[in-house]
Amino acid sequence: MKLSALVLLPCALALASCASSSRLGDSFDFGARKPPPDARPIAAPEPLMAAPTEQVSSEPLPPAGGAGVTPGSTVAPSPGSSQSQVAALPTTPPAPSTGGIAGAWKISDAARGSCNISLTRQTLLDVYRATPSGCQAGSLAKVNAWQQRGQEIDLLEPGGRTAVRLFPTGDGAYEGAATMSGAKIRMTR
């Protein structure tokens, strides 16, 4: 029995020293953690004022598509509003369909004269086929496809590189520039 007491005594001393060791912190303290004596309490933040501070009014939205509001007209302000008039946003015309763009066109290059181009609705992968005729400008002579991106028409070279970007002018024509040379291009019927 003396031998077992001699073996247990060093084990008990080792455990007691571990429990009071600062290396282990409060890992054996299952009670509440106490703040260090030099810690100050943290004050709660001040309450913030909610925004907005002015009166908010609501109105029903106009019907979808801007029915009832024409470009350039004014919209009557809501009661209690400080503004006397609000200008309506101008509406952009809808993009023409590919069927409206397809067909024979005359292209004028400011530097090299004019030529003809046929824009078809025949697909060539994800773009449409284009065939220039009598074009002297390098960028126009290489065009073999076209695509529409909203209002914009891009004339493409083999490989898909954009040769010319054109935008509608409002009179049924398109104007833009060659991407490499910057030459002004106009496309009319």
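Please refer to the structure placed before this passage.
Residues numbered from 1 in each chain as written. Predicted model: local features only at pLDDT ≥ 70, side-chain atom pairs only at ≥ 80, totals over all residues. Heavy atoms only, no water.

### As for the sheet that holds strand E4 (residues 113-124)
Then, number 1: Strands sit in the order E3-E4-E5-E6-E7-E8-E9-E10 around a closed barrel of eight strands; the barrel is antiparallel. Averaged over all pairs of adjacent strands, the angle between strand axes in this sheet comes to 30 degrees, irrespective of strand direction.
Then, number 2: Pairing of strand E3 (residues 103-109) with E4 involves seven bridges; the strand directions are antiparallel. Residue pairing across strands places isoleucine 107 opposite cysteine 115, the latter belonging to E4. (Pairing = 2+ DSSP bridges. Helix = DSSP H or I, 4+ residues; strand = E, 2+ residues; numbered from the N terminus. Axes fitted to C-alpha atoms, helices over the stretch in contact; angles between N-to-C directions.)

### Quick look at the state of the cysteines
Then, number 1: Scanning the model with the defined rule gives one disulfide in all.
Then, number 2: For cysteine 115, the disulfide goes to cysteine 135, at an S-S distance of 2.0 Å. Judged by the sign of its S-S torsion, about 80 degrees, the bond between cysteine 115 and cysteine 135 is right-handed. On the criterion of sequence distance, the pair formed by cysteine 115 in strand E4 and cysteine 135 in the loop between strand E5 (127-133) and helix H3 (138-141) is long-range, its members being 20 residues apart. The two residues cysteine 115 and cysteine 135 agree in class, both being buried. (Disulfide = S-S within 2.5 Å. Buried < 20%, exposed > 50% of the residue type's maximum accessible area, 1.4 Å probe, protein only.)

### Quick look at the pattern of salt bridges
Then, number 1: Under the defined criterion, the tally for this structure stands at six salt bridges.
Then, number 2: Across the salt bridge formed by arginine 165 and glutamate 152, the nearest N and O atoms sit 3.0 Å from each other. In this pair, arginine 165 sits in strand E8 (residues 162-168) while glutamate 152 sits in strand E7 (residues 152-156), placing the two residues 13 residues apart along the sequence.
Then, number 3: By relative accessible area, which is 15% here, glutamate 152 ends up buried.
Then, number 4: A salt bridge links arginine 186 to glutamate 175; the shortest N-O distance between them is 2.6 Å. Remark: glutamate 175 occurs in strand E9 (residues 174-178) and arginine 186 occurs in strand E10 (residues 184-188); sequence separation between them is 11 residues. (Salt bridge = Lys/Arg side-chain N within 4 Å of Asp/Glu carboxyl O.)

### A word on the packing of aromatic side chains
Then, number 1: This structure, assessed with the given rule, holds two aromatic pairs.
Then, number 2: Their ring planes at 75 degrees and their centres at 5.7 Å tell us that tryptophan 105 and tyrosine 174 sit as a pair that is edge-to-face. Of this pair, tryptophan 105 sits in strand E3 while tyrosine 174 sits in strand E9, and the two are 69 residues apart along the sequence. The residues tryptophan 105 and tyrosine 174 share a single accessibility class, namely buried. (Phe/Tyr/Trp six-rings, centres within 6.5 Å; stacked < 30°, edge-to-face > 60°.)

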